Amino acid sequence: MTTTQFLIDTPLAAVERTAPHFAEVHFKPGAVLTVAGIAAILTAREVMGRVGPHQALIVFPAEETDFDMTMITADHYKGRPVEEFTSSVAWVARNEYNERFFRLYFS
């Protein structure tokens, strides 16, 4: 079985469908998380999800990732059919700072 790789480059990350049911989001070094940037990533994943839901692997760079404070209080999934294009999500922090940020954001 062959799969077509599908890549969408956003300002913050490269979003790639690497298998029929798997997408990877690789954040760019130096990216600053913003509401608009996260929206672009979710839009890319939604486009990829039109062929069926996928598992998503979200990978941050090895260095600390900065963020805009408005990003942390936004409901990024509001109004999006996330359940239709996502079956599961895993986050790769790669350092203690990013891990603390994730814990704060998801709490």
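Read on for an overview of the structure. What you see is a predicted model, and the numbers here were worked out from it, not measured in a lab. (Residues numbered from 1 in each chain as written. Predicted model: local features only at pLDDT ≥ 70, side-chain atom pairs only at ≥ 80, totals over all residues. Heavy atoms only, no water.)

This part takes up helix α4 (residues 96-106). Those residues of α4 lying buried are N98, F101 and F102. All buried residues of α4 project into a common sector of 100° when viewed along the axis, lining one side. Turned more than 90 degrees away from the buried face of α4, the exposed residues are E96, R103 and L104. Sitting at the head of α4, N95 places a side-chain oxygen 3.1 Å from the backbone nitrogen of Y97. (Buried < 20%, exposed > 50% of the residue type's maximum accessible area, 1.4 Å probe, protein only. Helix = DSSP H or I, 4+ residues; strand = E, 2+ residues; numbered from the N terminus. Arc of directions from axis to C-beta. Polar contact = N/O pair within 3.5 Å; in protein donor to acceptor, adjacent residues only side chain to side chain.)

On to the nonpolar core. Membership of the largest hydrophobic core comes to 21 residues, with the highest contact counts inside it found for L12, V25, F27, L33, I38, I41 and F101. Where this core is concerned, the elements lending two or more residues are β2 (13-19), β3 (22-27), α1 (35-48), β5 (54-59), α2 (69-73) and α4. Broken down by element, this core gets its largest block of residues, five residues, from α1. Beyond its immediate sequence surroundings of up to four residues, I38 is in contact with L12, F27, L33, M71 and H76. (Core = buried A, V, L, I, M, F, W, Y, C linked by side-chain atoms within 4.5 Å. Contact = heavy atoms within 4.5 Å.)

Here we take up empty space enclosed by the protein. Tallied over the full model, the rule gives one cavity of 30 Å³ or more. Quantified by volume, the largest cavity comes out at close to 240 Å³. Looking at the largest cavity, it is lined by 18 residues, and the ones nearest its centre are F27, I38, Y77, W91 and Y105. Those elements giving two or more residues to the lining of the largest cavity turn out to be β3, α1, β7 (86-92) and α4. (1 Å grid on protein atoms, 1.4 Å probe; cavity = no way out; pocket = protein on both sides within 12 Å on 5 of 7 lines; lining within 4 Å. Points joined across faces, edges and corners; volume = space filled by probe spheres on them.)

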